Amino acid sequence: MSNVSGTDNPLRDAQDRRLPRIAGPSGLVIFGVTGDLSRKKLMPAVYDLANRGLLPPGFSLIGFARRDWEDEDFAQVVHDAVKEHSRTTFREEVWQQLAQGMRFVPGEFHDDEAFETLRATIEELDKSRGTGGNFAFYLSVPPKFFPTVVSQLKKHGLSDVGPGSWRRAVIEKPFGHDLKSAQELNSVIHEVFRASSVFRIDHYLGKETVQNILALRFANTMFEPLWNRSYVDHVQITMAEDIGIGGRAGYYDGIGSARDVIQNHLLQLLALTAMEEPTSFDAKALVTEKLKVLNSVRLPKDLGKHTVRGQYAAGWQGGEKVPGYLDEEGIDPQSKTDTYAAIKLAIDNRRWAGVPFYLRTGKRLGRRVTEIAVVFQRAPHSPFDTTDTQELGENALVIRVQPDEGVTIRFGSKVPGTQMEIRDVTMDFAYGESFTESSPEAYERLILDVLLGDANLFPRHQEVERSWEILDPVEEYWDTHGKPEQYPAGTWGPQSADEMLARDGRIWRRP
Ligand code: BG6
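Everything quoted here is computed from the prediction, not taken from an experiment.

### Points about the overall build of the protein chain
Right, on to step 1. Helix and strand content of the protein chain: 16 helices and 18 strands.
Right, on to step 2. Its C-alpha radius of gyration of 24 Å places the protein chain within 12% of the 24 Å reference for a compact globule of 511 residues.
Right, on to step 3. Reported as C-alpha extents along the three principal axes, the dimensions of the protein chain are approximately 80 × 70 × 45 Å.
Right, on to step 4. Counting across all 511 residues of the protein chain, residues that qualify as buried make up 54%.
Right, on to step 5. A sequence separation of at least 24 residues applies to 77% of the contacts in the protein chain between residues at least 6 apart.
Right, on to step 6. The distance from the centre of the 61 positive side-chain charges to the centre of the 74 negative ones in the protein chain is 3 Å.

### Some points on helix α14 (residues 442-452)
Right, on to step 1. Most of α14 sits inside the fold, with nine of its eleven residues counted as buried.
Right, on to step 2. Every buried residue of α14 is accounted for by Ala442, Tyr443, Glu444, Leu446, Ile447, Leu448, Asp449, Val450 and Leu451.
Right, on to step 3. Among the structural elements, β1 (27-31), α2 (36-51), β4 (135-139), β5 (167-171) and β6 (198-200) are those in contact with the buried residues of α14.
Right, on to step 4. Once α14 ends, the next one or two residues include glycine 453, with phi positive near 75°.

### Looking at the sheet that holds β6
The pairing of strands in a sheet happens through backbone hydrogen bonds and is either parallel or antiparallel.
Right, on to step 1. If you walk across this open sheet you meet the six strands as β3-β2-β1-β4-β5-β6, and the pairing is parallel. Unpaired on one side and paired on the other, β3 (102-106) and β6 mark the two borders of the sheet. Each adjacent strand pair in this sheet contributes to an overall mean axis angle of 20°, direction not counted.
Right, on to step 2. Where β1 lies against strand β2 (residues 60-65), five bridges are found, and the strand directions are parallel. Across the sheet, residue leucine 28 finds its bridge partner in β2, namely leucine 61.

### Focus: the pattern of salt bridges
Right, on to step 1. Counted by the stated rule, this structure contains 32 salt bridges.
Right, on to step 2. When the shortest N-O distance is used, the salt bridge between aspartate 36 and lysine 40 registers 3.2 Å. Here aspartate 36 and its partner lysine 40 are both found in helix α2, four residues apart, which amounts to about one turn of the helix.
Right, on to step 3. Judged by relative accessible area, which is 38%, lysine 40 ranks as partly exposed.
Right, on to step 4. The closest approach of N and O atoms between aspartate 260 and lysine 173, which form a salt bridge, is 3.0 Å. One end of the pair, aspartate 260, is in helix α10 (residues 256-274); the other, lysine 173, is in the loop between β5 and α7 (179-192), and 87 residues separate them in sequence. The pair formed by aspartate 260 and lysine 173 is uniform in burial state, with each residue classed as buried.

### What about the site of the ligand?
Right, on to step 1. Around the ligand, a shell composed of 13 residues is seen, among which Tyr204, Lys207, Glu241, Asp260 and Gln402 lie nearest.
Right, on to step 2. Between the ligand and glutamate 241, the relevant distance is 2.5 Å, taken from an oxygen atom to a side-chain nitrogen or oxygen of the residue.
Right, on to step 3. Here the ligand loses 83% of its free accessible area of 390 Å² to cover by the protein chains.

### Notes on the packing of aromatic side chains
The way to describe two aromatic rings as a pair is by their centre distance and the angle between their planes.
Right, on to step 1. Tallied over the full model, the rule gives 22 aromatic pairs.
Right, on to step 2. Summarising the aromatic geometry, the rings of phenylalanine 31 and phenylalanine 115 are spaced 5.9 Å apart at their centres and angled 15° between planes, so their arrangement reads as stacked. Taken together, the residues phenylalanine 31 in strand β1 and phenylalanine 115 in helix α5 (residues 112-129) connect sequence positions 84 residues apart.
Right, on to step 3. The buried category is assigned to phenylalanine 31, whose relative accessible area is 0%.
Right, on to step 4. The class for phenylalanine 115 is buried, based on a relative accessible area of 0%.
Right, on to step 5. Ring geometry for phenylalanine 64 and phenylalanine 115: centres 5.0 Å apart, planes at 45°, overall tilted.

### Digging into the pairing of strand β14 (residues 369-376)
Right, on to step 1. Summarising burial for β14: eight of the eight residues are buried, a large majority.
Right, on to step 2. Alternating residues of β14 divide into Val369, Glu371, Ala373 and Val375 and Thr370, Ile372, Val374 and Phe376, and every residue in both groups is buried.
Right, on to step 3. Bridging between strand β7 (residues 232-240) and β14 involves eight bridges; their strand directions are antiparallel. Pairing of isoleucine 237 across the sheet is with isoleucine 372, part of β14.
Right, on to step 4. Bridging between β14 and strand β15 (residues 396-402) involves six bridges; their strand directions are antiparallel.

### Topic: a negative patch on the surface
Right, on to step 1. On the surface, Asp68, Glu70, Glu72 and Asp73 cluster together into a patch of negative charge.
Right, on to step 2. Mapped onto the elements, glutamate 72 comes out in helix α3 (residues 71-85).
Right, on to step 3. Relative accessible area serves as the criterion here: at 57%, glutamate 72 is assigned to the exposed category.

Cut-offs applied
- Residues numbered from 1 in each chain as written.
- Predicted model: local features only at pLDDT ≥ 70, side-chain atom pairs only at ≥ 80, totals over all residues.
- Heavy atoms only, no water.
- Helix = DSSP H or I, 4+ residues; strand = E, 2+ residues; numbered from the N terminus.
- Rg over C-alpha atoms; globule rule 2.2 N^0.38 Å.
- Buried < 20%, exposed > 50% of the residue type's maximum accessible area, 1.4 Å probe, protein only.
- Contact = heavy atoms within 4.5 Å.
- Lys, Arg positive; Asp, Glu negative; His and termini not counted.
- Charge placed at Lys NZ, Arg CZ, Asp CG, Glu CD.
- Pairing = 2+ DSSP bridges.
- Axes fitted to C-alpha atoms, helices over the stretch in contact; angles between N-to-C directions.
- Salt bridge = Lys/Arg side-chain N within 4 Å of Asp/Glu carboxyl O.
- Near = heavy atom within 4 Å.
- Polar contact = N/O pair within 3.5 Å; in protein donor to acceptor, adjacent residues only side chain to side chain.
- Areas by Shrake-Rupley, 256 points an atom, 1.4 Å probe, with all protein chains shown as cover.
- Phe/Tyr/Trp six-rings, centres within 6.5 Å; stacked < 30°, edge-to-face > 60°.
- Patch = residues over 30% accessible without salt bridge, like charges linked within 9 Å, V, L, I, M, F, W, Y side chains within 5 Å.

By themselves, these observations are geometric and do not establish any function.
Right under this line is the structure:
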């Protein structure tokens with residue numbers, strides 16, 4: 001076989017590409033460090049990266065929040081969060097090294113003095129820990145604070161430094177509430193940071209299984225020939241959660257499931273599933289293709305028939321009685337916020353014309369599962385008796401994003417015996433069986449990418465804005481048409497979601 005890489009040692013080449021990607025001298029500043037996301041995801045991810053040897057020895061972490069804490073108090077909070085939530089084992093020597101670079105800056109976002117302290121803290125760390133002036137500012141705060149924080153960064157000379165160092169902004173979702181607010185946020189951020197220094201987080205893109213969509217499609221030959229309107233009947237993208245809104249009433253009420261996850265995670269999954277092959281895997285080539293397919297997405301005309309929203313009522317989950325959404329703490333008892341949403345989308349291009357993409361998400365559903373099911377058409381002709389194939393469903397390829405990460409292919413097979421009877425069977429690839437390494441958490445991958453300046457897995461502002469443009473008419477329609485339909489917790493959502501597919505002669509998968 002020829003050596004296409006052009007060197008005379010293909011094995012060495014392969015090994016070289018697997019060299020770990022290690023961040024250079026740098027630090028991270030987290031705004032909103034007392035929040036849930038920070039404690040459950042960001043702090044543990046920083047530790048896991050350090051534990052895997054992917055952070056520089058002088059890596060530093062600065063927390064900024066309205067708390068009367070000293071550095072030691074902050075370090076203790078991080079310590080507890082790491083102990084409780086980190087993926088890798090706790091090692092004292094790794095912790096000690098990391099803890100030496102932890103600083104806390106107390107203050108409010110409009111407080112000039114606090115930002116001056118932040119500047120002094122960064123300068124001190126540059127000297128004592130060799131962070132080289134390279135800092136990423138992670139805005140884990142509600143979007144209404146983005147403008148204040150970024151303008152404070154600019155005002156205090158924190159957003160830009162001379163050549164040889166970098167400053168980056170990391171922006172958590174939700175990125176706005178609709179197209180208009182997203183555009184406003186983008187323009188505020190771009191006044192302060194160059195586009196290449198802005199990293200918008202969609203943590204689904206950091207998931208191994210999501211990155212694998214591209215590997216599956218474009219590193220193989222056997223799937224892509226079928227990946228189009230000639231063979232695919234429809235695609236179902238499901239993100240189901242069994243949890244309720246827990247302590248997140250303040251964030252969730254008034255936002256709802258479609259803004260919370262369809263606008264970002266599910267439309268990104270759709271883009272990766274439906275896009276054309278990018279010319280390479282760099283950020284620019286990826287965004288070009290994702291944007292092209294998002295621009296071809298079209299909402300159906302009759303939104304009353306082709307969208308559904310629901311709200312969970314009391315019910316049973318895992319043997320436990322759970323309250324309905326309106327009875328959750330902090331929720332307005334008149335709230336019309338959706339906790340379930342299903343939307344049918346078309347993609348107006350040559351590959352997908354006539355193939356519906358059904359997206360659905362919900363809280364308090366039957367179980368936690370995220371998957372993309374590509375459901376194929378039935379064979380154009382069957383030489384078998386109908387009774388032989390009555391147990392046969394459609395062929396399907398299911399990308400199991402989580403849990404049970406892997407890929408399943410469902411097809412028909414003869415049942416052993418003297419008769420010709422054909423039934424569905426599955427062929428499974430499971431990450432847990434094929435690979436010994438466990439998958440890193442999405443936030444580990446994404447924080448490392450920020451420190452490396454690698455933007456491949458971050459949506460660009462055009463994608464974010466286009467996604468709002470797709471969702472806005474649905475939200476407007478819902479605002480002016482009635483209320484969400486109640487569904488009992490622990491079930492698979494409102495009945496009208498089943499009816500929506502039944503009208504198309506299809507059914508939702510029960511994963
Ligand atoms: C977040 C949403 O983006 O994703 C949450 O705001 C949701 O409502 C969460 O629970 C789910 O993430 P994961 O990685 O557990 O699927």
